[in-house]
Amino acid sequence: MLTLGRGVVTGIGKRPSATAAVPPVRLTDPAVRVDPARLAAYASVCGFPASGAGPRPLPLPLTYPHVLGFPLAARIMAARAFPLPMLGLVHTSISLVSHAPLTAADRPDITAYAAGLRGHRRGTEVELVTEARLDGEVVWEDRSTYLARHGTDYVAADDTPAHAERPPLPTLAEWRLPADLGRRHARVSRDYNPIHLYPVTARMLGFPRAIVHGMWTVARCAAEVPEATGLSAAFHSPVLLPATVAYGATADSFELRSAPHRLHLTGTVSAP
């Protein structure tokens with residue numbers, strides 16, 4: 001919460017631009033300990049099987065190192081030198097790769113840095129990279145993009161969404177999302193962006209109601225393939241809470257939709 005407050009203050013007066021420079025800062029948290037209670041709460045909120053630290057602990061959920069690295073990424077975004085205002089940033093895509101299993105018994109070094117900015121039809125995106133290392137080797141990595149919405153004349157070479165004409169994937173499940181899901185996920189992820197908490201705080205930032213974290217939607221889909229070692233996803237539209245969403249999937253693709261077939265998330269997954 002202190003980092004978010006700092007981000008609110010440092011964001012005052014920032015004018016986002018894709019031509020700005022990102023600070024050449026790499027933040028590292030060494031030998032990060034996995035809190036078993038917090039991990040269990042995260043698994044429960046996101047639908048993963050429990051990951052213990054017993055004699056043969058299960059691998060961490062593919063998305064969980066993102067939670068471990070989020071405080072570092074948040075510090076980067078909250079810095080005065082960071083060119084985009086932190087408040088109101090929207091997660092637009094993510095790519096995760098696990099090169100080797102991580103368990104609750106491991107103590108990885110977590111590093112985060114901003115890789116660069118790029119134009120977007122709705123503003124400016126930043127790419128943030130998070131890495132987990134064991135004995136100096138990268139065992140897990142995350143590339144996420146976040147959008148600062150603002151007026152722009154940017155036009156992509158091909159502005160037609162790749163999913164525009166794609167028929168829905170076969171529906172495998174429907175999930176009812178309660179109004180407090182954003183607050184529940186905030187407690188286990190430490191992401192207290194106001195757009196996820198209450199209708200009144202979401203309205204202050206342009207949303208009619210609180211929206212669920214993009215990381216909850218991708219984690220809930222990843223939980224359907226707990227053996228996955230790689231995942232890429234794009235967030236297309238926010239899920240307003242409360243909601244009922246449909247999870248559709250094939251062998252290597254997944255999506256999340258809500259009536260009347262509004263598309264929220266598309267992605268691909270790879271498993272051993």
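Calculation rules
Residues numbered from 1 in each chain as written. Predicted model: local features only at pLDDT ≥ 70, side-chain atom pairs only at ≥ 80, totals over all residues. Heavy atoms only, no water. Pairing = 2+ DSSP bridges. Helix = DSSP H or I, 4+ residues; strand = E, 2+ residues; numbered from the N terminus. Buried < 20%, exposed > 50% of the residue type's maximum accessible area, 1.4 Å probe, protein only. Axes fitted to C-alpha atoms, helices over the stretch in contact; angles between N-to-C directions. Parallel < 35°, antiparallel > 145°, perpendicular 65-115°, else oblique. Contact = heavy atoms within 4.5 Å. Polar contact = N/O pair within 3.5 Å; in protein donor to acceptor, adjacent residues only side chain to side chain. Arc of directions from axis to C-beta.

J.: What should I look at first to understand the pairing of strand S7 (residues 230-235) in this one?
T.: A regular strand places its side chains so that they alternate between the two faces of the sheet. Direction of pairing for strand S2 (residues 90-98) relative to S7: antiparallel, over a ladder of five bridges. Residue pairing for S7: Leu-96 is matched across the bridge by Leu-231.

J.: How should I be thinking about helix H4 (residues 181-189) in this particular structure?
T.: Because an α-helix completes one turn every 3.6 residues, residues spaced three or four positions apart along the sequence face the same direction. Among the residues of H4, those classed as buried are Leu-181, Gly-182, His-185, Ala-186, Val-188 and Ser-189. Arg-190 lies just past H4 and shows a positive phi near 65°.

J.: Help me understand the packing of helix H2 (residues 36-46) against helix H6 (residues 214-222), please; the structure alone is not making it clear to me.
T.: Each pair of packed helices gets described by two things: the angle between the helix axes and the distance between those axes. Running from amino to carboxyl end, H2 crosses H6 at an angle of 80°, the nearest separation of the two axes being 9 Å. Overall, the two elements H2 and H6 adopt an arrangement that is roughly perpendicular. Where H2 abuts H6, its residues Tyr-42, Val-45 and Cys-46 lie against Trp-216, Ala-219 and Arg-220.

J.: When you look at the side chain of Glu-131 in this model, what are you seeing that I'm missing?
T.: Considering the arrangement of structural elements, one finds Glu-131 in strand S4 (residues 123-134). Note on Glu-131: relative accessible area 8%, which makes it buried. Within the local environment of Glu-131, its side chain forms a polar contact with the side chain of Arg-133, the two groups lying 2.8 Å apart. Beyond its immediate sequence surroundings of up to four residues, Glu-131 is in contact with Arg-26, Asp-109, Ile-110, Thr-111, Tyr-113, Val-138, Trp-140 and Glu-141.

J.: Mind showing me how you'd approach H2 here?
T.: Among the residues making up H2, those that are buried are Arg-38, Leu-39, Tyr-42, Ala-43, Val-45 and Cys-46. One side of H2 carries all its buried residues, which in axial view fall inside an arc of 165°. Within H2, the exposed residues directed more than 90 degrees away from the buried face are Ala-37 and Ser-44. Of the residues trailing H2, Gly-47 is marked for its positive phi of about 90°.

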